[in-house]
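# Coordinate inspection notes
Single-letter residue listing:
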Amino acid sequence: MRVPTRQNSLIEVEDLSSFVKRIGSKKLYHRDPDVDPPTTAFQRFCYTLYQIRNWFLEANTFLAFKAAVGTILLALPVYLPQSAAWYMAQHGQWAMIILVMWMFPMAGMFFYTVIMRVLGTCAGGVLAIVVWEIAQGNPYGLAVVTFVVSTLFYYCLLYKAPLRVLAMMTLITMIMVICYEYQFVHDATGDDPVWTLSGKRMLLVVIGVGAAAILSMIPYPVNGRVELRKRLAETLRDIGRMYSLLTSQFIVPAHINKLSSEQIKSVRHLALDLQRQVADERTFLKLAIFEPPLRGTFPSKTYAEIVNSVENMVDLAYDMAFALKDIDPVWREQVALSGTKARQDYYASVLTTIKLVSSTMAAKMSLPPYMVSPQESLDRYTQALYEKFHITGDHVSNPAYPSYCAYLISSTAFVDELTHVLASVEDLVGIEDPVEWLKIHL
């Protein structure tokens, strides 16, 4: 799973697909409605500082910074001569390791793993005492009893995915405490009994978890449900780009030509990236369930429907691209000359709906009360195509005909999935009611 996108960071969201070229240096800059591209040396210097500031406040960078600060603070006693020996004797490095391992960017993931790992640490400490007391420090007895106890947890590791973290932490803590105690007894490197060593392990784990919890709330915890919503908005935006690229083959005369190998490779790369985004969104959907419902219940079913529909849209868009590759440019030009107005209205309706849904989810705004349905535009375009583009025997015998049929079927299914997404988003954000708005402001 990848770390959170910059949409949930401390900086303002930017559309990285929009560029403006500065006339002097021909350099591309991201479009910013607040300012124009830099022109002077001082403005370019300030723009560089602005980029550095944005990089520092990104989720990836800021998480690494917090982990580094926490590690330094927990390791401070080892650098002081009066406390270095005490720090090593009490195994203070365990708290530092726990902090580094448990710094998760998502609040739901952190909350879930804290519960599982603390319970696993406590269970492992208790089992280590039990195993040690049964074997009484005998290496052969320790090996046999540890093997029997560990076997009981392999069922959770193999078949119970939600309990894998609990099983792993139990086994790690149990084996670690047993090995440390065996080393203390046989090598005379320490004098802590097994119950004291287990207690230290539990205490240091709690200290590491507490430090990680404090750092995760600075400046505020990142919610998986919020990241899921913004990730879905970003994926829908990219789907709209891919769809506009495909439809340009039927609407822009200059693009009606044989696709090059570079274009095919770029489309495949974009489709693969979209599939990766959907996989990340499914992970965030699972993690969002573990977040405590403080302000209200998370609508997991609605988001699950959106994720399923978005995944289908990605697959259908790739199917459209695969079918478009085998359609002859002459055939595409004939289709482009049939039902021009209805075709433009249909493509504009689909792209506008995708952009509207994406912006609505990103900004948590309500949908407008009046809009053209993509299904209605599809029906008009189908009717116009049926009236002006007549299929003959020569068309059926053309090798491009099956590919064109596959394109139409995928395009129709794409609109159906978009309609489902629009309905689900409507359940989440609602529709603006001008009458209610007027009553509120009277």
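Residues numbered from 1 in each chain as written. Predicted model: local features only at pLDDT ≥ 70, side-chain atom pairs only at ≥ 80, totals over all residues. Heavy atoms only, no water.

This part is about the overall build of the protein. Broken down by element type, the protein carries 17 helices and two strands. Looking at the 442 residues of the protein, the share that counts as buried comes to 40%. Counting contacts in the protein only where the partners sit at least 6 residues apart, residues at least 24 apart contribute 78% of the total. For the protein, the exposed surface amounts to about 24,300 Å²; the carbon and sulfur share of it is 65%. (Helix = DSSP H or I, 4+ residues; strand = E, 2+ residues; numbered from the N terminus. Buried < 20%, exposed > 50% of the residue type's maximum accessible area, 1.4 Å probe, protein only. Contact = heavy atoms within 4.5 Å. Areas by Shrake-Rupley, 256 points an atom, 1.4 Å probe, with all protein chains shown as cover.)

At their nearest, the axes of helix 2 (residues 59–79) and helix 3 (residues 81–89) sit 5 Å apart, and the two run at 110 degrees to each other. Regarding the angle of helix 2 to helix 3, the classification is roughly perpendicular. Counting all contacts with helix 2, which are made through Leu74, Ala75, Pro77, Val78 and Tyr79, the residues of helix 3 involved are Pro81, Ser83, Ala84, Tyr87 and Met88. Grouping the amino acids of the contact of helix 2 with helix 3 by side-chain chemistry returns nine nonpolar, one polar and no charged. (Axes fitted to C-alpha atoms, helices over the stretch in contact; angles between N-to-C directions. Parallel < 35°, antiparallel > 145°, perpendicular 65-115°, else oblique. Nonpolar A, V, L, I, M, F, W, Y, C, P; charged D, E, K, R; others polar.)

What follows concerns the side chain of Glu281. Within the fold, Glu281 resides in helix 10 (residues 261–288). Buried within the structure, Glu281 lacks any salt-bridge partner; Arg231 is the closest side chain of opposite charge, at an N-O distance of 5.9 Å. For Glu281, the residues in contact, after removing those within four places along its chain, are Leu228, Arg231, Leu232 and Thr235. (Lys, Arg positive; Asp, Glu negative; His and termini not counted. Salt bridge = Lys/Arg side-chain N within 4 Å of Asp/Glu carboxyl O.)

Our next topic: a nonpolar patch on the surface. A cluster of nonpolar residues, Phe42, Phe45, Leu49, Ile52, Trp55, Phe56 and Phe65, forms a patch on the protein surface that exposes about 750 Å² of accessible area. Per-element tally for the nonpolar patch: the top contributor is helix 1 (residues 41–56), with six residues. The topology assignment puts Leu49 in helix 1. Owing to a relative accessible area of 43%, Leu49 belongs among the partly exposed residues under this scheme. (Patch = residues over 30% accessible without salt bridge, like charges linked within 9 Å, V, L, I, M, F, W, Y side chains within 5 Å.)

What follows concerns the packing of aromatic side chains. For the structure on display, the rule yields ten aromatic pairs. Pairing Tyr243 with Tyr347 gives two aromatic rings, centres 6.3 Å apart and planes at 80 degrees, and the pair type is edge-to-face. Separated by 104 residues along the polypeptide, Tyr243 in helix 9 (residues 224–251) and Tyr347 in helix 13 (residues 340–363) bring together distant segments of the chain. Ring plane angle 15 degrees and centroid distance 5.2 Å describe the contact between Phe298 and Tyr303, whose orientation is recorded as stacked. Note on Phe298: relative accessible area 13%, which makes it buried. Its relative accessible area of 8% is what places Tyr303 among the buried residues. These aromatic residues form a ring-pair network of at least three members: Tyr243, Tyr346, Tyr347 and Phe414. We note Arg201 situated over the ring of Trp94; from NZ or CZ to the ring centre the distance is 5.2 Å. (Phe/Tyr/Trp six-rings, centres within 6.5 Å; stacked < 30°, edge-to-face > 60°. Lys NZ or Arg CZ within 6 Å of the ring centre and 35° of its normal.)

Looking now at the environment of Ile306. Here Ile306 lies in helix 11 (residues 300–325). The class of Ile306 is buried, set by a relative accessible area of 0%. In this structure, the C-alpha to C-alpha distance between Ile306 and Glu417, residues 111 residues apart in sequence, is 9.1 Å.

Of the residues in the protein, 85% reach a pLDDT of 70 or more, and the chain-wide mean stands at 79. Strand 1 (residues 19–21) is the least confidently modelled element of the protein, averaging 52 in pLDDT, while helix 11 averages 88, the highest of any element. Note on residues 1–11: pLDDT under 50 across the span, and 49 contacts to partners over four residues away in sequence or across chains. (pLDDT = per-residue confidence, 0-100.)

What follows is about helix 2. Between the first and last C-alpha of helix 2 there are 30 Å, a value that for 21 residues agrees with the 30 Å anticipated at 1.5 Å per step. A bend of about 30 degrees at Leu73 is the largest found in helix 2, and the proline Pro77 appears one to four places after it. Of all the positions in helix 2, only Ala59, Thr61, Phe62, Leu63, Lys66, Ala67, Gly70, Leu74 and Ala75 are classed as buried. On its buried face, helix 2 is in contact with helix 1, helix 3, helix 4 (93–101) and helix 8 (194–216). (Expected span 1.5 Å × (residues − 1). Bend = angle between axes of the 7 residues up to and from the residue.)

The next subject is the nonpolar core. Considering soluble globular proteins, one finds that nonpolar side chains tend to be buried as a cluster. Counting 52 residues, the largest nonpolar core has Leu228, Leu232, Val310, Tyr346, Val350, Met361 and Phe414 as its most contacted members. Of all the elements in the fold, those that place two or more residues in this core are helix 9, helix 10, helix 11, helix 13, helix 14 (374–388) and helix 16 (400–429). Among residues more than four places away in sequence, those in contact with Leu228 are Glu281, Phe284, Leu285, Phe298, Tyr303 and Val307. (Core = buried A, V, L, I, M, F, W, Y, C linked by side-chain atoms within 4.5 Å.)

This part is about the environment of Met242. Locating Met242 in the fold gives a position in helix 9. Assessed through its relative accessible area of 1%, Met242 is described here as buried. Residues in contact with Met242, not counting those within four places in the same chain, are Val267, Leu270, Ala271, Leu274, Ala317, Tyr318 and Ala321.

On to helix 10, then. With 28 residues, helix 10 should cover 40 Å at 1.5 Å per step; its first-to-last C-alpha distance of 41 Å lies within 8% of that length. Taken together, the buried positions of helix 10 are occupied by Val267, Ala271, Leu274, Gln277, Val278, Asp280, Glu281, Phe284, Leu285, Leu287 and Ala288.

Contact geometry of helix 6 (residues 139–159) with helix 7 (residues 164–187) gives a least axis separation of 8 Å together with a crossing angle of 170 degrees. Classified by the angle between their axes, helix 6 and helix 7 sit roughly antiparallel to one another. Residues Pro139, Leu142, Thr146, Val149, Ser150, Phe153, Cys156, Leu157 and Leu158 of helix 6 pack against Arg164, Ala167, Met168, Thr170, Leu171, Met174, Ile175, Ile178 and Tyr182 of helix 7. Here the residues of the contact of helix 6 with helix 7 sort into 14 nonpolar, three polar and one charged.

What follows deals with unusual backbone geometry. The residue Lys364 is not glycine, and still its phi comes out positive at about 55 degrees. What makes Lys364 exposed here is its relative accessible area of 59%.

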